[in-house]
Every structure is written in structure tokens, then in C-alpha cells.
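# Tertiary structure, described
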Amino acid sequence: MKNILPELRLKHGWSQADLANELAVSRQTVNAIETNRYDPSLPLAFKIAQLFACPIEEIFTADVYASADSEVIGKI
Amino acid sequence: MTSALYIESMKNHQQPKESTIEQKRQRLTGRNVVIVAVILAVSLGIGSAPSSNSNQLDTRSLLWAVVATIGILAFMVTMVVDYSKADERQRHIQLQATAVAFIVVIMGLFAAEMAHALFNVNMAVATQVLFIGGIVIWSFARMLLERRNRV
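This is a predicted model, so every value here is computed, not measured.

### Some remarks on the interface of chain A and chain B
Across the boundary between the two partners, chain A contributes 16 residues, which contact 15 residues of chain B. For the pair chain A and chain B, the two sides together bury roughly 1400 Å², of which 45% comes from carbon and sulfur. On the chain A side of the contact with chain B, R27, Q28 and Y38 of chain A bury the most area, a combined 39% of that side's loss. At the boundary of chain A with chain B, the tally comes to zero salt bridges. At the junction of chain A with chain B, the criterion picks out nine residue pairs in polar contact (both at pLDDT 80 or more). Counting residues per element, the ones that place at least two in the side of chain A that touches chain B are helix 2 (16–23) and helix 3 (27–34) of chain A.

### Section: the packing of aromatic side chains
Residues and elements named next belong to chain A. A full pass over the atoms with the stated rule returns one aromatic pair over all chains. Pairing W14 with F52 gives two aromatic rings, centres 5.7 Å apart and planes at 45°, and the pair type is tilted. Linking W14 in the loop between helix 1 (5–11) and helix 2 with F52 in helix 4 (residues 42–52), this pair joins segments that are 38 residues apart in sequence. Residue W14 is classed as partly exposed on the basis of its relative accessible area of 21%. According to the relative accessible area criterion, F52 is buried, its value standing at 6%.

### A short note on helix 2 (residues 20–46) of chain B
All names here are of chain B. Counted at 1.5 Å a residue, the expected span for helix 2 with its 27 residues is 39 Å, and the 40 Å between its end C-alpha atoms agrees. Of all the residues in helix 2, the buried ones are E22, R25, T29, N32, V36, I39, S43 and I46. On the buried face of helix 2, the contacting elements are helix 3 (59–85), helix 4 (88–119) and helix 5 (123–147). Phi turns positive, to about 135°, at G47, one or two residues after helix 2.

### Overview of the confidence of the model for chain B
Residue and element names in this part refer to chain B. In the predicted model, chain B carries a mean pLDDT of 84, and 81% of its residues have values of at least 70. Put simply, helix 1 (residues 2–12) is where chain B has its lowest mean pLDDT, 48, and helix 4 is where it has its highest, 96. On the interface metric, ipTM, the complex scores 0.80, and its pTM is 0.77.

### Focus on the pattern of salt bridges
Residue and element names in this part refer to chain B. For the structure shown, the criterion picks out five salt bridges over all chains. The closest approach of N and O atoms between R25 and E22, which form a salt bridge, is 3.0 Å. Taken together, the residues span about one helical turn, with R25 and E22 both in helix 2 at a distance of three residues. Accessibility expressed as a relative area gives 6% for E22, which makes it buried.

Reading guide: rules and limits
- Numbers given to residues run from 1 along each chain, matching the order in which its sequence is written.
- Chains and ligands are labelled by the order in which they are written, letters from A for the one and numbers from 1 for the other.
- Selection of residues for local features in this predicted model requires a pLDDT of at least 70, selection of side-chain atom pairs for listing and counting requires 80 or more, and totals for whole chains, interfaces and linings are taken over all residues.
- Computation of side-chain values covers all heavy atoms of the structure but excludes hydrogens and water.
- By definition in these notes, contact holds between two residues if any of their heavy atoms fall within 4.5 Å.
- By convention, the term buried area covers the 1.4 Å-probe accessible surface removed from two parts as they join, with the contributions of both added.
- Whenever a carboxyl oxygen of Asp or Glu lies within 4 Å of a side-chain nitrogen of Lys or Arg, that contact is scored as a salt bridge.
- We define a polar contact as two N or O atoms separated by no more than 3.5 Å, with the added condition that, inside protein, one atom must be a possible hydrogen donor and the other a possible acceptor, whereas residues neighbouring each other in sequence contribute only through side-chain atom pairs.
- The way it works is that DSSP assigns letters per residue, a run of H or I at least four long becomes a helix, a run of E at least two long becomes a strand, and they are numbered from the N terminus.
- Stacked, tilted and edge-to-face are the three classes applied to pairs of Phe, Tyr and Trp rings, where Trp contributes its six-membered ring and a pair requires centres within 6.5 Å; stacked means planes under 30 degrees apart, edge-to-face means over 60, and tilted covers the rest.
- Here the term buried applies to any residue with accessible area under 20% of the maximum for its type, exposed to any over 50%, and partly exposed to those in between, with areas from a 1.4 Å probe on protein chains only.
- Residue count minus one, scaled by 1.5 Å, sets the expected span of a helix.
- Per residue, pLDDT measures the predictor's confidence, with a range of 0 to 100.

Structural data, given as C-alpha cells:
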């Protein structure tokens, strides 16, 4: 699963530790999510979506859709 | 000017700070680990292999058993508290490490039982080795899984 968490976080001017405090998780967990090494649970994904006031599907994209999007962009 | 640039670059290269919830968890676990270590050290000081020659339970063996039991119970409480304070990824890692250690200990118990039946290996020693080995393997597996994400 891919995500735009780093972009959203930087837009708010937050460090990973700040975001971790907001989500009540460790900074390592935020880092693992941002680098696509850990997929958050549904409750945590909802918490992230609520925090950034974005729909979940805008923040997280399944790999299959992400690759399909890039293929479409490549053809254009 | 140079020093100002240096300070600015140092600011940019600060060690990543942990979240407050993680700092609290680490502090609590650290304190609990010290308590467990002290209790287990006292239990080792009393003696790790009480005499099994006599059928009578002597005071020293009883004391060793009580202190060792308190130490193991304290260790279990430490693990449960650490698990309850961990976030979902850390819990996932702890469960993965537990699964690895469980398989190793089960296979070790089977091997020890076979060795006992075939070569009359001392089961008391084998279970002690398996117990300590299980904890070591659990800690090692957890450390390896944690390091995969450490940045």
C-alpha cells in the first residue's frame, strides 16, 4: 500500500515525532508507515484520515491502483 | 558566520526525537527490567541449582524457589505491561517474536524428551536451558524485527 503521509505531514510542518504524538504511536511506527514497510490497521488509518481531514482513499492507495495510475500517466 | 552555519547544520542533523508515548513506555519498561534483574540476581546469588539429593525440602531451596518464582512472575508482568503500552506495530513485532520462540522451545522440548529417553539426559538442566534459551531467542527475534524499521 502506498501513501502520501510524508507530504501531508510536511504540509502541516510536523516532524515524525509530532505526528506520532498526535496518533499516540511511536515515531518508528510513523516512519514504517511513511516508508511503506508497515500497513496501518483500519482504526489507525481512520485516525490519520481524521487528523488530516482527508478521505482514507486519498491518503492510502493500493499498490495495484498506484501502478495502474503510473501506467496511465506513462501512456499519456 | 561559520559557527552559525555549523549550529544550523547541527540543528538539521538532530537525532530523531521519540514520541512522548514511546518515551513513557521505554521509561516504564526500563524501570521494570531493573526490578526483574535485581530479583533474578538475588535468586542466582542464593543458588541456581538447589540440591536434589535429599527428599527433605531445606530452607535454602525453599527460599531459592520463592525468589525465583517472584522473579519469573515479575518478568511476566513486565512483558504484559510492555505489550499493553506498545502500539499496534510493536505488538505485531512482539507476537512474531513470540511465535518464533514458541516453535524453538517446543522443538527443543521434544528434542530434550528424546535425548532423555535415549541417552538419559538430565531433564531439569534441559528445561532450564530451554527456558533461558527461549527468552534469549524471543529477545533476539524482537531486536532483529525492530531493527528492520529503525531509522
